[in-house]
Amino acid sequence: MPLTPEEFYANALGDADQDGRVALSRMTGWKIFPFEREGLRVVPLLRPEVPEAPRRGEDGLACGGCDAPLGGTLWENERWRLITFGEPSGAPLVMMLQPKGHYDLIDLPEDLAAELGRLVVHVSRALESLPGIARAHVSRWGDGGAHLHLFFFARPSGFPQLRGTCFAIWDDLLAPVPREMRDADAHTVALTLESSFGGSATAPP
Ligand SMILES: [Zn+2]
């Protein structure tokens, strides 16, 4: 059985200082870590807040996924949409897959759950078929909004330093890729998905 929030807090502090700052360790020593250790310190660990504040799309809060889907739709079928964001970021391409219906991951009906599995494979395959893309990283956090949204980060080939989980941070640090290239690659992925999976790629912006 998991620890209670208070038990987790007490345990996680370990030998933190009096402000609740734990020591640098593990990830900060990785070769892929984006920051130098010198001068870096961990923010204080805040006490648990129970119950947590509602996310967008629950407890009466507006839902972006239902009311105002972000960015431009690249591809869709009756049940899902694949989108990009308005502004490019450091990764060559970042996309989001979400159901059109208001479901979180654990609420998906069996048919949508099965379709999601296939879509993750087909979108990843389309991304990794782009020249210069080594990997499609897939992630679902869901702490901001209750409407399921899966991220796909295209990791450029030739950069061992950009491997792994820190790429989501590098995406925010690196200068944005040119918009016209990002949009063209996004449309290529949509056309590949239309070909391999079905659904419809939408016209490029
Ligand atoms: Zn929703």
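Residues numbered from 1 in each chain as written. Predicted model: local features only at pLDDT ≥ 70, side-chain atom pairs only at ≥ 80, totals over all residues. Heavy atoms only, no water.

Caption draft 1: A look at the coordination of the zinc ion. For the zinc ion, the full set of protein donor atoms is Cys-63 (SG), Cys-66 (SG), His-102 (ND1) and His-147 (ND1), at a range of 2.0 to 2.3 Å. Its four donor atoms give the zinc ion angles of 103 to 120 degrees at the centre, a pattern that matches the tetrahedral case. Ordering the donors of the zinc ion by residue number gives the pattern C-x2-C-x35-H-x44-H. Of this pair, Cys-63 sits in the loop between helix H1 (5–13) and helix H2 (64–67) while His-102 sits in the loop between strand S3 (93–99) and helix H3 (110–128), placing them 39 residues apart in sequence. Accessibility expressed as a relative area gives 8% for Cys-63, which makes it buried. (Donors = N, O, S within 2.8 Å, 3.2 Å for Na, K, Ca; no water. Tetrahedral: all angles 85-135°; square planar, octahedral: opposite > 155°, others 65-115°. Helix = DSSP H or I, 4+ residues; strand = E, 2+ residues; numbered from the N terminus. Buried < 20%, exposed > 50% of the residue type's maximum accessible area, 1.4 Å probe, protein only.)

Caption draft 2: Just the packing of H3 against helix H5 (residues 179–196), in detail. One can describe the packing of H3 onto H5 by two numbers: an axis separation of 9 Å at closest approach and a directional angle of 130 degrees. In this view, H3 runs oblique relative to H5, as classed from their interaxial angle. Between H3 and H5 lies a crossing whose hand is right-handed. Counted together, Leu-119, His-122, Val-123, Ala-126 and Leu-127 of H3 and Val-189, Thr-192, Leu-193 and Ser-196 of H5 form the full contact between these two elements. (Axes fitted to C-alpha atoms, helices over the stretch in contact; angles between N-to-C directions. Parallel < 35°, antiparallel > 145°, perpendicular 65-115°, else oblique. Left-handed = near helix turned anticlockwise from the far one by under 90°. Contact = heavy atoms within 4.5 Å.)

Caption draft 3: Structural detail: H5. Taking 1.5 Å as the rise per residue, H5 with 18 residues should run 26 Å; its terminal C-alpha atoms sit 26 Å apart, in good agreement. Of all the residues in H5, the buried ones are Arg-182, Asp-183, Ala-186, Val-189, Ala-190 and Leu-193. The buried residues of H5 all sit within an arc of 120 degrees when viewed along its axis, so they share a single face. Every exposed residue of H5 that faces more than 90 degrees away from the buried side is listed here: Glu-180, Met-181 and Ser-195. Next to the buried residues of H5 lie strand S1 (72–76), strand S2 (80–84), S3, H3 and strand S6 (200–201). Where H5 ends, the next residue or the one after it, Gly-198, has phi of about 110 degrees, a positive value. (Expected span 1.5 Å × (residues − 1). Arc of directions from axis to C-beta.)

These values are about where atoms sit, not about what they do.
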